[in-house]
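Structural description and commentary
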Amino acid sequence: MSKSLKERLADLHAERERTWDPAALKINVDQRRTLVETADPTGWVQVGERLEPFVLKDVEGGDLSLERLLERGPAVLVFFRFASCPACNIALPYYEERLAPGLRDLGATLVAVSPQVPERLADIKVRQRLSFKVASDLGNALGRQFGILYTADQASQAAQRAKGAFIGETTGTGTWELPQPAIIVIDHERVVRFVDVSPDWLVRTEAEAVLQGVRDITLVPAE
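Scoring rules and cut-offs
Along every chain, residues carry numbers that run from 1 in the direction the sequence is written. Where totals are concerned, whole chains, interfaces and linings use all residues; where local detail is concerned, this predicted model gives features only for residues with pLDDT of at least 70, and gives and counts side-chain atom pairs only at 80 or more. Hydrogen atoms and water are omitted, and side-chain values are computed over all heavy atoms in the structure. Here, the term nonpolar core denotes a set of buried Ala, Val, Leu, Ile, Met, Phe, Trp, Tyr and Cys residues that are joined through side-chain atoms within 4.5 Å. Burial classification: accessible surface area is computed with a 1.4 Å probe over protein chains only, and a residue below 20% of its type maximum counts as buried, one above 50% as exposed, and the rest as partly exposed. Secondary structure elements are taken from DSSP: a helix is a run of H or I of four residues or more, a strand is a run of E of two residues or more, and numbering for both begins at the N terminus. Any two strands between which DSSP finds at least two bridges are classified as paired. Orientation is described by lines fitted to C-alpha atoms, with helices fitted over the stretch in contact, and by angles between N-to-C directions that extend from 0 to 180 degrees. We call two residues in contact whenever any of their non-hydrogen atoms come within 4.5 Å of each other. Any two of the Phe, Tyr and Trp rings considered here, Trp counted by its six-membered ring, make a pair once their centres fall within 6.5 Å; the pair's planes then place it as stacked at under 30 degrees, edge-to-face at over 60, or tilted in between. In our convention, an over-ring charge means Lys NZ or Arg CZ found within 6 Å of a ring centre and within 35 degrees of that ring's normal. Points on a 1 Å grid, built from protein atoms alone, make a cavity when a 1.4 Å probe fits but cannot get out and make a pocket when they are open with protein on both sides within 12 Å along at least 5 of 7 lines; residues with an atom within 4 Å of a point are the lining residues. Grid points are joined across faces, edges and corners, and a volume is the space filled by probe spheres set on the points. Within this document, salt bridges are pairs made up of a side-chain nitrogen of Lys or Arg and a carboxyl oxygen of Asp or Glu, the two lying within 4 Å of each other.

Turning our attention to the nonpolar core. If you look at the biggest cluster of nonpolar residues, it comprises 44 residues, and the most contacted ones within it are V76 and Y95. Elements represented by at least two residues in this core include exactly α1 (5-19), β3 (75-79), α4 (88-98), α5 (100-105), β4 (109-114), α6 (118-127), β8 (182-186) and α10 (207-219). The dominant element in this core, judged by the number of residues it contributes, is α4, at 6 residues. If you look at the next biggest cluster of nonpolar residues, it comprises 23 residues, including L66, A135, L142 and I186.

Encoded structure:
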């Protein structure tokens, strides 16, 4: 049996422990710990909320409206950081393998969402041969509405600048804001039926939990 997402991400961290400079590893670990310790779930989108219409930008061109996403059944949004994010390049292929087939069988539409501009974001869909939609949340508009954004701490920003890097240049957003990994399931009435947000980006939602959330919609319609 193939590894769980938790196991795959643990392998990534173990590799970093073996290969990274200890000071760089500490900055990474401290940032993730801080995000967990300061997380406020009451600020996140909540199960039972009815969403206003929104539009994402499909990396293959055109718009992806909420109405369009709900045409066949529930919509499953997977928020991730950006196309070259190492953890995202583990999580999305895992979802391709373990989540996408089951969602298709249930009539649900899966879309991976990042604030990265479409022309840069398209790389991960092509490189990882993802069958599901990948879309840009321009300006982090939906991520902000859902309350799942974070800004890199000062140590992380300084470490990037020392390497001549800036995440806002990578994403094309011009800011340090990124979404925390999250999965949101929305039913045909635009009501949120499942939410899982991961402040630590090396902790992400397993496929079975999402599949069960979608099965619950099909078995027990929302009132």
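This is not the end of the story, as more comes after the structure.
Right, let's talk about the sheet that holds β4 for a bit. Across a sheet, strands are paired by hydrogen bonds formed along the backbone, either parallel or antiparallel in direction. Read from one edge to the other, the open sheet built from 7 strands follows the order β2-β1-β5-β4-β3-β8-β9, with strand pairing classed as mixed. Two strands close off the open sheet at either side, each with one partner strand: β2 (63-65) and β9 (192-197). Averaged over all neighbouring strand pairs, the angle between strand axes comes to 30 degrees, with direction disregarded. In this structure, β4 lies alongside strand β5 (residues 133-136), joined through 4 bridges in parallel fashion. Residue V113 lies in a different strand from β5, and its bridge partner there is A135. This element, α6, spans β1 (55-58), β4 and β5 of the sheet and lies at about 155 degrees to β5.

Moving on: the environment of A135. Along the chain, A135 turns up in strand β5. Sequence-wise, A135 and V111 are 24 residues apart; in three dimensions their C-alpha atoms are separated by 6.9 Å.

With that settled, the discussion passes to the packing of aromatic side chains. Taken as a whole and assessed by the stated rule, the structure comprises 4 aromatic pairs. Ring plane angle 75 degrees and centroid distance 5.8 Å describe the contact between F79 and F146, whose orientation is recorded as edge-to-face. Taken together, the residues F79 in strand β3 and F146 in the loop between α7 (141-145) and β6 (149-151) connect sequence positions 67 residues apart. Seen from the ring of W201, R81 lies directly overhead, with NZ or CZ sitting 4.2 Å from the centre.

For the structure shown, the criterion picks out 1 cavity of 30 Å³ or more. Each pocket or cavity is described by its volume, and for the largest cavity that value is around 50 Å³. Taken together, V78, F79, Y95, P181, A182, I183, D196, S198, R204 and T205 form the lining of the largest cavity. Among the elements of the structure, β3 and β8 are those that each provide at least two residues to the lining of the largest cavity.

Right, let's get into the pattern of salt bridges. For the structure on display, the rule yields 14 salt bridges. Note that D63 is salt-bridged to K57, the shortest N-O span being 2.7 Å. Taking relative accessible area as the criterion, D63 reaches 39% and is therefore assigned partly exposed. The class of K57 is partly exposed, set by a relative accessible area of 33%. Residue E60 pairs with K133 through a salt bridge whose shortest N-O separation is 3.6 Å. Taken together, the residues E60 in the loop between β1 and β2 and K133 in strand β5 connect sequence positions 73 residues apart. We classify K133 as partly exposed; its relative accessible area is 24%.

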